[in-house]
Protein chains: 4
Amino acid sequence: MPRTEKQFQSIREKTRAQILNTALELFAEKGFKGTTISDIAKAAGISKGLAYNYFNSKQDLMNAVLNLLIIEMEQLFAVIKDIPDPYKKLRIIIETTFTNLERDEKFWRLYTSFSLQPEVKDDTEVIANGYLHEGFKLLENIFKQIGIKNPKSEAKLLGAIIDGMSFHYIFNGENYPLKQMTKFLLNKYSKGNLLPK
Amino acid sequence: MPRTEKQFQSIREKTRAQILNTALELFAEKGFKGTTISDIAKAAGISKGLAYNYFNSKQDLMNAVLNLLIIEMEQLFAVIKDIPDPYKKLRIIIETTFTNLERDEKFWRLYTSFSLQPEVKDDTEVIANGYLHEGFKLLENIFKQIGIKNPKSEAKLLGAIIDGMSFHYIFNGENYPLKQMTKFLLNKYSKGNLLPK
Amino acid sequence: MPRTEKQFQSIREKTRAQILNTALELFAEKGFKGTTISDIAKAAGISKGLAYNYFNSKQDLMNAVLNLLIIEMEQLFAVIKDIPDPYKKLRIIIETTFTNLERDEKFWRLYTSFSLQPEVKDDTEVIANGYLHEGFKLLENIFKQIGIKNPKSEAKLLGAIIDGMSFHYIFNGENYPLKQMTKFLLNKYSKGNLLPK
Amino acid sequence: MPRTEKQFQSIREKTRAQILNTALELFAEKGFKGTTISDIAKAAGISKGLAYNYFNSKQDLMNAVLNLLIIEMEQLFAVIKDIPDPYKKLRIIIETTFTNLERDEKFWRLYTSFSLQPEVKDDTEVIANGYLHEGFKLLENIFKQIGIKNPKSEAKLLGAIIDGMSFHYIFNGENYPLKQMTKFLLNKYSKGNLLPK
DNA sequence: AATGAATGAGACTTCATTCAT
DNA sequence: CATGAATGAAGTCTCATTCAT
């Protein structure tokens, strides 16, 4: 008796997720070209052939990983949008960004790796641009709500700070005083210091 | 005929530099794994074999490129250190960073590419950390000179802004209002707005 | 319940025939190596695994297809043998050959595909030789009946014409004036033109 | 000192020809899909990699083989066209076809193999159609010169005979009385038997 | 010093076949 | 009887590296 449709679907979903997550991990760690299907298969505990049962090619797998990123990012934005108070929003954004840098590390590494990959450079840029644009919009609205001068530029400035600090911490590691800098930043963007003159 | 010897030397150095620069260019554009020795040789206008006359391996070539980066960076810092007025220093740093982003793009791309390469990951990080450290120090001294509170954190903040903006512009391209943001930033860090309260 | 047994038998035979015919079709279209078990299973509307329930291997399936061909060919010859008048026989042979070239196309394609397959090359040749031999014999007897000179050679000549024309039409397609040539041939081999001098 | 341009060219031509001829042989013997690059490399006495120094892909190699065939065919036609006497032309065509069937065997096998290969099916058909068309034209002109009725159909008939006999001999082998049939055919198409009524 | 032909290890990918259910 | 997930050998192709000239 063959397995039921449901059983097959469950198997497929589980295996697919396993491959996908392993690929995400390895692509982020060693880059697209530096990661072989063998690596992924071995790390995922499956045979090389099976990977091709789930993804038509390494490219295809990479695209699926990209999609994973998009979904994650959208969830992130969704969470923040529901907060009403702009000052709290700012605080949450800064805090969550720096407390959960793991996700960001993957994002940065994947992004830079993929952007060196001609085959997906464009797709990657579309995604990253989308992320940036949405991020800037989000911050801009917060600054508008607060009533600050030049909300567009302020949004881009804070965006740069967040990404710059993330980058410094992620790529340069342990001796970056992240906690201290987070406090410093929170203070700069606290209610008292932001009130429109 | 000592002349001939010298000429040979000169030719060797010129060829070596050509290979090195071509490699730098291509590694930055397509990543380490994405660049073949054939690519480099063709772009440099020499034969594959000759490249191996100058560099023992692709790894070796990559290391040489890393060294090139170090030298470039040191020159950059040297230029800025000689300016006496701290406000002018700040202005020059901001302006030169954003008017000459090409070098930064190469840096970012090479850095991320090499950091995905296990064989030089550590060396790359040492270099990048050195760059960051020196950069932070430079800014910290400026803020100290100005007499601002919390010069260490302010240095890291401005560093994050600079790298964040660079990253946004470089990887996300055309629609980033770089000039406008540069002005905005210059204003934030102008004498009038920085004076210690 | 002997019924059930019979039904099982019937299902088995139907499924087997379906696989076999699908295989015949696909082998003829894309060659032996160009056809995968997956292709066959999908086209036959069954699972890959089930195909192996009916045939031990791809080779086995190919052999079964070869057998199918033998049977078809024998039926073909049987039909013609029962006609008494030799002139009519000739006419029927020519007409049926060219009105039903589909079967021939399959034959040619399967034959050439299988003859490129070391594992069954010999078997294929035995079959093809048998077909040729039987065909030549059939024609030879007709020419003998008619009383023509050199019936053996005349048989081989007509055989060559039939297969040559089939080949030209099948592999070179639309612009071959098959109907016109059939008429032309029928006239050449009509009673009036064949009568022994 | 590097080799001269000429030396390199000579090496390339020799190696290229060797690969090409080996490929022609093996493709004809085992079909396109049945022949691996490893097979070809081994038979040609070179490394797998080198084959790709000369041909970008297996497809590419196949196309080159096709071109080889075209050239051979054109040479064949060129030879025959220069003979003035139509009866002699016919004789030469028949004789050379059947004395040199080796070339034809390759042609048939390659043709049928390639026609099972979706990637070149069309190219192959174009070539084969060209060959057929040119052949038919050649024969038609001969029959016109002789003044026979229905030269077009007669041309196609003789074409079918030639290809049919070739096919019978080539694919069914030793026991086909080729010499006897050639004589028989030469007689049928001799001056005495062809004279317009 | 210089060339590019040649090698071979290793990457991506396919597919006949097996097997748990 | 029936399914399709899973395997692994084998094929296509790439590229760092060597080497004869």
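Because the structure is a prediction, the values reported are computed rather than measured.

Asks: Now, about the overall build of chain A: what can you tell me, with residues and values included?
Replies: What chain A contains, in helices and strands, is 10 helices and zero strands. Listed by position from the N terminus, the elements making up chain A come as α-α-α-α-α-α-α-α-α-α. The principal-axis extents of the C-alpha atoms in chain A amount to approximately 75 × 40 × 30 Å. Here chain A holds 197 residues, and 49% of them are scored as buried. At a minimum sequence separation of 6, the contacts of chain A that also span at least 24 residues come to 69%. About 10200 Å² of surface is accessible on chain A, with carbon and sulfur atoms providing 52% of the total. On chain A, the mean spot of the 28 positive side-chain charges and the mean spot of the 23 negative ones are 3 Å from each other.

Asks: Describe the environment of Asn193 of chain B, listing the residues and the values that go with them.
Replies: Residue and element names in this part refer to chain B. On the secondary structure map, Asn193 appears in helix H10 (residues 191-194). With a relative accessible area of 48%, Asn193 lands in the partly exposed category. Residues in contact with Asn193, not counting those within four places in the same chain, are Asn187 and Lys188. A polar contact of 2.8 Å, which involves the side chain of Asn193, links it to the backbone oxygen of Asn187.

Asks: Any chance you could break down the relation of the copies chain B and chain A for me, citing the residues and the numbers?
Replies: Once turned by 179° and shifted 0.2 Å along the axis, chain B lies on chain A with an RMSD of 0.4 Å. Here the two chains are linked by the operation of a two-fold rotation axis. In terms of C-alpha distance to the rotation axis, chain B has Gly164 of chain B as its closest residue, with the C-alpha 1.9 Å off the axis. Most of the interface of chain B is mirrored in chain A, where 100% of its interface residues are also at the interface.

Asks: Explain the pattern of salt bridges residue by residue, including any values.
Replies: If you walk through the whole model with that rule in mind, you get 24 salt bridges over all chains. Two residues, Lys30 of chain A and Asp39 of chain A, come together in a salt bridge whose shortest N-O distance is 3.0 Å. Judged by its relative accessible area of 23%, Lys30 of chain A falls in the partly exposed class. For Asp39 of chain A, a relative accessible area of 25% corresponds to the partly exposed category. Residue Glu25 of chain D is joined to Lys106 of chain D by a salt bridge in which the shortest nitrogen-to-oxygen separation is 3.7 Å. On the criterion of sequence distance, the pair formed by Glu25 of chain D in helix H1 (residues 5-30) and Lys106 of chain D in helix H6 (residues 101-115) is long-range, its members being 81 residues apart. By relative accessible area, Glu25 of chain D is classed as partly exposed at 41%.

Asks: Run through unusual backbone geometry, naming residues and quoting values.
Replies: All names here are of chain C. Despite not being glycine, Asn150 has its phi angle at roughly 60°, a positive value. Along the chain, Asn150 turns up in the loop between helix H7 (118-146) and helix H8 (151-172). Among the residues examined, Asn150 registers a relative accessible area of 40% and is labelled partly exposed.

Asks: Go over the domain arrangement of chain A, please, and point to the residues and values.
Replies: Residue and element names in this part refer to chain A. Assigned domains within chain A: domain 1 (1-55) and domain 2 (59-194). Placing the centre of domain 1 and that of domain 2 at their C-alpha centroids yields a distance of 29 Å. The interface of domain 1 with domain 2 comprises 15 residues on the first partner and 13 residues on the second. Taken over both partners, the interface formed by domain 1 and domain 2 buries close to 1300 Å², and the fraction arising from carbon and sulfur atoms is 78%.

Asks: Lay out the packing of helix H8 (residues 151-172) of chain A against helix H8 (residues 151-172) of chain B in plain terms, naming residues and giving numbers.
Replies: The angle between the axes and the distance between the axes are what describe a pair of packed helices. Two elements in contact, H8 of chain A and H8 of chain B, have axes separated by 6 Å at closest approach and are oriented at 100°. It follows from the interaxial angle that H8 of chain A and H8 of chain B lie roughly perpendicular. Together, Leu157, Gly159, Ala160, Ile161, Asp163, Gly164, Met165, Phe167 and His168 of chain A of H8 of chain A and Leu157, Gly159, Ala160, Ile161, Asp163, Gly164, Met165, Phe167 and His168 of chain B of H8 of chain B make up the contact between the two elements. Taken together, the residues that form the contact of H8 of chain A with H8 of chain B break down as 10 nonpolar, six polar and two charged.

Asks: Go over the interface of chain D and chain C, please, and point to the residues and values.
Replies: Size of an interface: often given as the accessible area lost when the parts come together. On the side of chain C, 41 residues touch chain D, which itself brings 42 residues to the contact. Carbon and sulfur atoms supply 66% of the area that chain D and chain C bury against each other, a total of about 3500 Å² over both sides. Joining chain D to chain C, the criterion identifies two salt bridges. Taking the shortest distance from any N to any O, the salt bridge between Lys188 of chain D and Glu154 of chain C comes out at 2.9 Å. Counting across the chain D and chain C interface gives five residue pairs in polar contact (both at pLDDT 80 or more).

The rules behind the values
Residues numbered from 1 in each chain as written. Chains lettered and ligands numbered in written order. Predicted model: local features only at pLDDT ≥ 70, side-chain atom pairs only at ≥ 80, totals over all residues. Heavy atoms only, no water. Helix = DSSP H or I, 4+ residues; strand = E, 2+ residues; numbered from the N terminus. Buried < 20%, exposed > 50% of the residue type's maximum accessible area, 1.4 Å probe, protein only. Contact = heavy atoms within 4.5 Å. Areas by Shrake-Rupley, 256 points an atom, 1.4 Å probe, with all protein chains shown as cover. Lys, Arg positive; Asp, Glu negative; His and termini not counted. Charge placed at Lys NZ, Arg CZ, Asp CG, Glu CD. Polar contact = N/O pair within 3.5 Å; in protein donor to acceptor, adjacent residues only side chain to side chain. Least-squares fit on C-alpha atoms with pLDDT ≥ 70 in both. Salt bridge = Lys/Arg side-chain N within 4 Å of Asp/Glu carboxyl O. Domains from an automatic or database assignment. Buried area = accessible area lost by both parts, 1.4 Å probe. Axes fitted to C-alpha atoms, helices over the stretch in contact; angles between N-to-C directions. Parallel < 35°, antiparallel > 145°, perpendicular 65-115°, else oblique. Nonpolar A, V, L, I, M, F, W, Y, C, P; charged D, E, K, R; others polar.

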